[in-house]
Amino acid sequence: MIDFLISKARGGVMALGLAVGLAACSATYTNHGYVPPPEVLSEIGIGASRDQVAELAGAPGSAGVVRDEAWFYTQYRVRNFTYNAPQVIERDIVAISFSDAGRVTNIERFGLEDGQIVQLSRRVTEASVRDVGFLRQILSNFGRINLGDIGG
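Residues numbered from 1 in each chain as written. Predicted model: local features only at pLDDT ≥ 70, side-chain atom pairs only at ≥ 80, totals over all residues. Heavy atoms only, no water.

**So, the overall build of the protein chain**
Across its full length, the protein chain carries five helices and five strands. Along its sequence from the N terminus, the protein chain presents helices and strands in the succession α-β-α-α-β-β-β-β-α-α. A total of 152 residues make up the protein chain; the buried ones form 16% of that total. Counting contacts in the protein chain only where the partners sit at least 6 residues apart, residues at least 24 apart contribute 47% of the total. (Helix = DSSP H or I, 4+ residues; strand = E, 2+ residues; numbered from the N terminus. Buried < 20%, exposed > 50% of the residue type's maximum accessible area, 1.4 Å probe, protein only. Contact = heavy atoms within 4.5 Å.)

Put into structure tokens, the structure is as follows:
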């Protein structure tokens, strides 16, 4: 009887471990940013002021960009799966352009398919000193000190 209970308990523990293991392998999604909904954007007309846009849609927060000529609202969804690098699966950008007088001149919407990959340069400054240790660099500078320059 005890052997039967132990074997059932082992089976339950194994099933629980399998369920936890499978749950750990499932993808998780995170949402970032804010884009005004289409009904709010339809209320913003060409010629509206910045104050009106801020009242209806809000000013872009930390996820958006505020420049003199445009406000950019960004929203994206990221898929995280096990040890793989996070992947952006959805992106929505709304750009509201302003004239010099602060009036709306254009409203554009961009998606993930409109984006371009920008290759960042990994420029690294090469060290001019090779095979010379830190202590050797410090000690070699003592011979270069001119005491006449220090005394004024």
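**Re a nonpolar patch on the surface**
On the surface, Tyr 76, Val 88 and Leu 112 cluster together to form a nonpolar patch covering roughly 200 Å² of accessible area. Structurally, Val 88 is set in strand E4 (residues 87–98). (Patch = residues over 30% accessible without salt bridge, like charges linked within 9 Å, V, L, I, M, F, W, Y side chains within 5 Å. Areas by Shrake-Rupley, 256 points an atom, 1.4 Å probe, with all protein chains shown as cover. Salt bridge = Lys/Arg side-chain N within 4 Å of Asp/Glu carboxyl O.)

**Observations concerning the environment of Val 78**
Positionally, Val 78 belongs in strand E3 (residues 70–80). A relative accessible area of 9% places Val 78 in the buried class. Put simply, Val 78 and Thr 30 are 48 residues apart on the chain and 5.3 Å apart in space, counted from C-alpha to C-alpha. Residue contacts for Val 78: discarding those within four places in its chain leaves Thr 28, Tyr 29, Thr 30, His 32, Pro 86, Gln 87 and Val 88.

**Quick word on unusual backbone geometry**
With the exception of glycine, most residues fall at negative phi, and the peptide bonds are largely trans. One non-glycine residue with positive phi stands out, namely Thr 82, at about 45 degrees. Take Thr 82: it is sitting in the loop between E3 and E4.

**Concerning the packing of aromatic side chains**
Evaluated as defined, the whole model comprises two aromatic pairs. With a centroid separation of 6.4 Å and an interplanar angle of 80 degrees, the aromatic rings of Tyr 34 and Tyr 73 are classed as edge-to-face. Within this pair, whereas Tyr 34 is found in the loop between strand E1 (28–33) and helix H2 (38–43), its partner Tyr 73 is found in strand E3, the two being separated by 39 residues in sequence. For Arg 79, the ring lying beneath its charged end belongs to Phe 81, and the centroid distance is 5.0 Å. (Phe/Tyr/Trp six-rings, centres within 6.5 Å; stacked < 30°, edge-to-face > 60°. Lys NZ or Arg CZ within 6 Å of the ring centre and 35° of its normal.)

**So, the side chain of Asp 92**
Relative to the elements of secondary structure, Asp 92 occurs in strand E4. Separated by 2.9 Å, the side chains of Asp 92 and Arg 109 make a polar contact. The residues touching Asp 92, leaving out its near neighbours within four places in the chain, are Val 35, Tyr 73, Thr 74, Gln 75, Arg 109 and Phe 110. (Polar contact = N/O pair within 3.5 Å; in protein donor to acceptor, adjacent residues only side chain to side chain.)

**Re the pattern of salt bridges**
Per the counting criterion, the structure on display carries one salt bridge. Residue Asp 92 pairs with Arg 109 through a salt bridge whose shortest N-O separation is 2.9 Å. Linking Asp 92 in strand E4 with Arg 109 in strand E5 (residues 104–111), this pair joins segments that are 17 residues apart in sequence. The class of Arg 109 is partly exposed, set by a relative accessible area of 40%.

**Structural notes on the pairing of E5**
Every regular strand shows the same layout, with side chains that alternate between the two sheet faces. Sheet topology note: the E4/E5 ladder contains seven bridges and is antiparallel. From the neighbouring strand, Ile 96 faces E5, where its bridge partner is Ile 107. The hairpin formed by E4 and E5 contains five residues between the paired strands, and Gly 102 there has a positive phi angle of roughly 85 degrees. (Pairing = 2+ DSSP bridges.)

**Details of the pairing of E3**
Relative to E3, E1 runs antiparallel, the two being bridged by six bridges. Across the sheet, residue Asn 31 finds its bridge partner in E3, namely Arg 77. With ten bridges connecting them, E3 and E4 associate as antiparallel partners. By the bridge assignment for E4, Tyr 73 is matched with Val 94. Counted along the chain from E3 to the antiparallel partner E4, the turn is six residues long, and its residue Thr 82 has a positive phi close to 45 degrees.

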